[in-house]
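# Coordinate inspection notes
Chain by chain, the residues:
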Amino acid sequence: MVKGILTACALLLLSGCALLTADEPLLIGADENGFAAREGLWAMRDPETCKLVPAKTDPSEKTCIAWARIQRAEGGGWSMDAVPPEENGPYLVRVTKADSDNFLAESVRGDEIVYLLLSPGKGVWNPPFRHLHVQVIACEDVIGDDAPPADIEVETDAKDGSITGCRVRSLGAAIEAAQRALRAHAEEKRQAPIEFVRP
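What comes next concerns the included structure. If you're wondering where the values come from, they're calculated on a predicted model, not measured in any experiment.

## Regarding unusual backbone geometry
Glycine aside, a negative phi is what most residues show, and trans is what most peptide bonds show. Following Val83, the chain continues into Pro84 via a peptide bond in cis, with omega recorded as -5°. Within the fold, Pro84 resides in the loop between β4 (78-82) and β5 (91-97). One non-glycine residue with positive phi stands out, namely Asn33, at about 50°. Checked against the element boundaries, Asn33 lands in the loop between β1 (20-21) and β2 (40-44).

Below, the structure is given as structure tokens:
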């Protein structure tokens, strides 16, 4: 189950949909293809319902903003830790290209692995990025009306056949899943903005 800072993202975007996961990390050593984010304090909120200005809000207060500290991780990737820190520690996020404009991210904490799409904010093309849109990759977006990509195992409920999960077993399949998720929401973007606030 997705917990912590990513729970806010998942609830905001997916309302309980089954998420794309993996049994083991797939992006270790993957080429980041130029991805870089500003290191420091970041804020995530739903701009439709949360009108607070992150730069004027104290992260120690309980508000409609979810906070994270993002910085380079030792050994590669990015460390994403909730503010205040969560008991289970930070996520390790590795990134690679999904297509010419978007990135596939793999978030790992303990045995919890989920996949996300990261898209630079409109008009922002040069890293380090200060504004990103985050989309959690859901099984329904990966499968749609087609057969799942090779190397993706779909889990279903034995009683009603509903999708309860999906697991990816190769980097190529993860990238294909990301591209399918992008196409599924080409018109209605299922993304939450996350923005850099300060170092």
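## Digging into the pairing of strand β10 (residues 163-168)
Bridge analysis of β1 against β10 gives two bridges, and the strand direction is parallel. Looking at the pairing, Thr21 lines up with Arg167 of β10. Across five bridges, strand β9 (residues 152-156) lies against β10 in antiparallel orientation. Bridge pairing in β10 places Thr156 opposite Ile163.

## Quick notes on the sheet that holds strand β7 (residues 112-120)
The eight strands lie next to each other as β2-β3-β4-β5-β6-β7-β8-β11, forming a closed barrel whose pairing is antiparallel. Strand-to-strand twist of the sheet, defined as the mean angle between neighbouring strand axes without regard to direction, takes the value 35°. Sheet analysis places strand β3 (residues 66-72) next to β4, joined by five bridges and oriented antiparallel. Paired with Gln71 across the two strands is Ser79, which belongs to β4. Those strands touched by helix α3 (residues 171-184) are β5, β6 (103-109), β7 and β8 (131-136), and its axis lies near 115° from that of β6.

## Some points on the side chain of Asp81
On the secondary structure map, Asp81 appears in strand β4. Despite its burial, Asp81 remains without a salt bridge, the nearest opposite charge being carried by Arg109 at 5.8 Å. Each residue touching Asp81, except ones within four places of it in the same chain, is listed here: Trp67, Ala68, Arg69, Glu86, Gly89 and Pro90.

## Overview of the nonpolar core
In this structure, Phe35, Trp42, Trp78, Val93, Val95, Leu118 and Ile194 are the most contacted members of the largest nonpolar core, which totals 25 residues. The set of elements that each furnish at least two residues to this core consists of β2, β3, β4, β5, β6, β7, β8 and β11 (192-198). Listed in part, the 23 residues of the second largest apolar core include Leu20, Val108, Tyr115 and Val142.

## Some thoughts on the state of the cysteines
Per the counting criterion, the structure on display carries two disulfides. Paired through a disulfide, Cys50 and Cys64 show a sulfur-sulfur distance of 2.0 Å. Residues Cys50 and Cys64 are joined through a disulfide that is right-handed, its torsion about the S-S bond being 60°. Residue Cys50 is located in the loop between β2 and β3, and its partner Cys64 is located in the loop between β2 and β3; the two are separated by 14 residues in the primary sequence.

The rules behind each value
Residues numbered from 1 in each chain as written. Predicted model: local features only at pLDDT ≥ 70, side-chain atom pairs only at ≥ 80, totals over all residues. Heavy atoms only, no water. Helix = DSSP H or I, 4+ residues; strand = E, 2+ residues; numbered from the N terminus. Pairing = 2+ DSSP bridges. Axes fitted to C-alpha atoms, helices over the stretch in contact; angles between N-to-C directions. Contact = heavy atoms within 4.5 Å. Buried < 20%, exposed > 50% of the residue type's maximum accessible area, 1.4 Å probe, protein only. Lys, Arg positive; Asp, Glu negative; His and termini not counted. Salt bridge = Lys/Arg side-chain N within 4 Å of Asp/Glu carboxyl O. Core = buried A, V, L, I, M, F, W, Y, C linked by side-chain atoms within 4.5 Å. Disulfide = S-S within 2.5 Å.

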